[in-house]
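# Coordinate analysis (summary)
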Amino acid sequence: ASARGRDGGRRGVMMGMVMVVSTAGGGFFGGPRGRAVTVATTSSSRVPQGRQPHPLRRGTKVKTFSSNKGFGLLEWAGDLVPQPLVVKTTKFAWKEAWKTMTRELAPQDGLGAYTRPNDAFVLGEDEFRDSTKVPTSGLFLYTGNACPWCHRVSFAVKLLGLDSRVRCVQLEDDAERATRGGWIIAGRDKKRDPCFLASDLREVYERGQRGKSSPGYVGRCTAPVLVDGNAKRILSNNSTNILRCLNHLAAGASREDWGAVNLWPAQLEDEIEEMNGYLYSNLNNAVYQAGFSTTQDAHDAAASKVFDCLDRLEAVLSEREFLMGDKITASDLLLLPTLCRFDAAYAVLFKCSRRRVTDYPQLTSWMQRMFELEGSHETFDLEAAKQSYYKQLFPLNPSGIVPYGPTLSDLGVDNGLDRKVVRRGSPEFLSRVHLAP
């Protein structure tokens, strides 16, 4: 810094801080690692221009900031406590603790591969069409933003125009506040759950198990959950099953003047079911198998399925606008939640890092088209999903540090206020969907 002298000239004045030595990194200044960083500061005494004060001259204050070295085991390890023993013991204990927590979070088979538990509530095909089993109103859908299985059904509510018939109850994942599993009613505010006045999803499961009070309910409390609010009973907690139920509801009870969207057109039903099964085994569930594997072989087997699937989908979409042709089907809704989370979560946290979705031009263009649909942005918050994955799945990321990026814009999705929106019922919307007969 400088100040103007009595003769109008300028004289140098030291007012700041002078770095004397920084050896914590053991690189720039050549000192040993793990030592203190010493910083010298001077008072605002005048110093001739072009000269620096001696850092330890009279009037200089010296501050020392010690670096955190943990227990410093690797500094005193030697003959008494051999370093190999310290490292091996620590690695073993850390790995066993990680395996135990991962198995609690994601059950494993004998080869260290994640095996997803079966869903406890699934509607039969005949029940979809039976209004005594599935009412046309008074339905509640419990969903959380981070979950891809929830995303597919919450987006379907918007796409099918079921807002007035299906009330979505927002969940947050917070294992420290949930009594079982990770889902709580947003803010643990019972007023936000108009069906059961529950605080978390465990209470929903216990009160809604086939209309009976079941305080002894044993099982995982997963989302999404579709509930008959009139009978106070759970209808389904299987996302694809819920999607079919919503599709039937839209065709029968929520027709617009222009008709109703049909995600399972009869002429394509077999192909859609085949594609849905393929997506589940090789992508939707496979990314979780890769992320929750506790052995290298299990991870490699799952990750290889993921990229074989992405390669195949890239080829399919090079010849058509959507997975089944020029119109959207259920298969597209099953694919979107996994793809829009892939680069931000699965490529990093689940170690599926061979390629990103943005490395696939056809998949990226398809994702852009899907996010043009009305309701797509309202049902997904990428930043909040990242916070959830990296902070709540603590066995996979004990530090809780969330990566910097990517954003939806980084993924090639227009996220601006002036973005293109294809409104329900518009000519372009009708050109993109199948209509129910």
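First, a word on scope: everything that follows refers to the structure included in this document.

About the criteria used
- Residues numbered from 1 in each chain as written.
- Predicted model: local features only at pLDDT ≥ 70, side-chain atom pairs only at ≥ 80, totals over all residues.
- Heavy atoms only, no water.
- Pairing = 2+ DSSP bridges.
- Helix = DSSP H or I, 4+ residues; strand = E, 2+ residues; numbered from the N terminus.
- Axes fitted to C-alpha atoms, helices over the stretch in contact; angles between N-to-C directions.
- Contact = heavy atoms within 4.5 Å.
- Expected span 1.5 Å × (residues − 1).
- Buried < 20%, exposed > 50% of the residue type's maximum accessible area, 1.4 Å probe, protein only.
- Core = buried A, V, L, I, M, F, W, Y, C linked by side-chain atoms within 4.5 Å.
- 1 Å grid on protein atoms, 1.4 Å probe; cavity = no way out; pocket = protein on both sides within 12 Å on 5 of 7 lines; lining within 4 Å.
- Points joined across faces, edges and corners; volume = space filled by probe spheres on them.
- Nonpolar A, V, L, I, M, F, W, Y, C, P; charged D, E, K, R; others polar.
- Right-handed = clockwise from strand over helix to strand, strands pointing away.

### Things to note about the sheet that holds strand E8 (residues 183–185)
On the basis of which strands lie adjacent, the open sheet formed by five strands has the order E8-E7-E6-E9-E10 and mixed pairing. Both outer strands of the open sheet, E8 and strand E10 (233–236), are each paired with one neighbouring strand and no more. Averaged over all pairs of adjacent strands, the angle between their axes in this sheet comes to 40°, without regard to strand direction. Alignment of strand E7 (residues 166–173) against E8, held across three bridges, turns out to be antiparallel. Bridge pairing in E8 places Asp-173 opposite Trp-183. Along the sheet, helix H5 (residues 201–208) makes contact with strand E6 (139–144), E7, E8, strand E9 (225–228) and E10, crossing E10 at roughly 100°.

### A closer look at helix H4 (residues 148–159)
Taking 1.5 Å of rise per residue, the twelve residues of H4 would be expected to cover 16 Å, and the 16 Å separating its terminal C-alpha atoms lies within 8% of that figure. Within H4, eleven of the twelve residues are buried, leaving the element largely enclosed by the surrounding structure. Of the residues making up H4, those classed as buried are Pro-148, Trp-149, Cys-150, His-151, Arg-152, Val-153, Ser-154, Phe-155, Ala-156, Val-157 and Leu-159. A positive phi of about 70° marks Gly-161, the residue just after H4.

### Observations concerning the nonpolar core
Tyr-142, Leu-201, Phe-342, Phe-350 and Met-367 are the most contacted members of the largest nonpolar core, which has 108 residues in total. Among the elements that take part in this core, helix H10 (residues 330–346) stands out by supplying eleven residues, more than any other. Residue contacts for Met-367: discarding those within four places in its chain leaves Leu-336, Leu-339, Cys-340, Val-357, Leu-411 and Val-413.

### With respect to the layout of surface pockets
There is about 1,400 Å³ of room inside the largest pocket. Residue lining of the largest pocket: 47 residues in total, with Leu-105, Tyr-114, Arg-116, Trp-183 and Thr-222 positioned closest to the centre. The set of elements that each furnish at least two residues to the lining of the largest pocket consists of helix H2 (83–105), H4, helix H6 (239–253), helix H7 (269–284), helix H8 (286–292) and helix H12 (382–392). Residue composition of the lining of the largest pocket, grouped by class: 26 nonpolar, 13 polar and eight charged. Estimates place the volume of the second largest pocket at around 400 Å³. The wall of the second largest pocket is formed by 23 residues, among which Arg-129, Asn-247, His-248, Leu-249 and Ala-251 lie closest to the centre. Broken down by secondary-structure element, the contributors of at least two residues to the lining of the second largest pocket are helix H3 (125–128) and H6. The leading source of residues in the lining of the second largest pocket is H6, at eight residues. Among the residues making up the lining of the second largest pocket, the classes are represented as twelve nonpolar, six polar and five charged.

### Some details on the side chain of Asn-145
By the secondary structure assignment, Asn-145 is in the loop between E6 and H4. Accessibility expressed as a relative area gives 18% for Asn-145, which makes it buried. Apart from the residues lying within four places of it in its own chain, the contact partners of Asn-145 are Gln-170, Leu-171, Arg-341, Thr-379, Phe-380, Asp-381, Ala-384 and Ala-385.

### Brief notes about the pairing of E7
Bridging between E6 and E7 involves six bridges; their strand directions are parallel. Across the sheet, Leu-139 pairs through a bridge with Val-166, a residue of E7. Tracing the backbone out of E6, into H4 and back to the parallel element E7 gives a crossover that is right-handed.

Nothing here speaks to function; it is all geometry.
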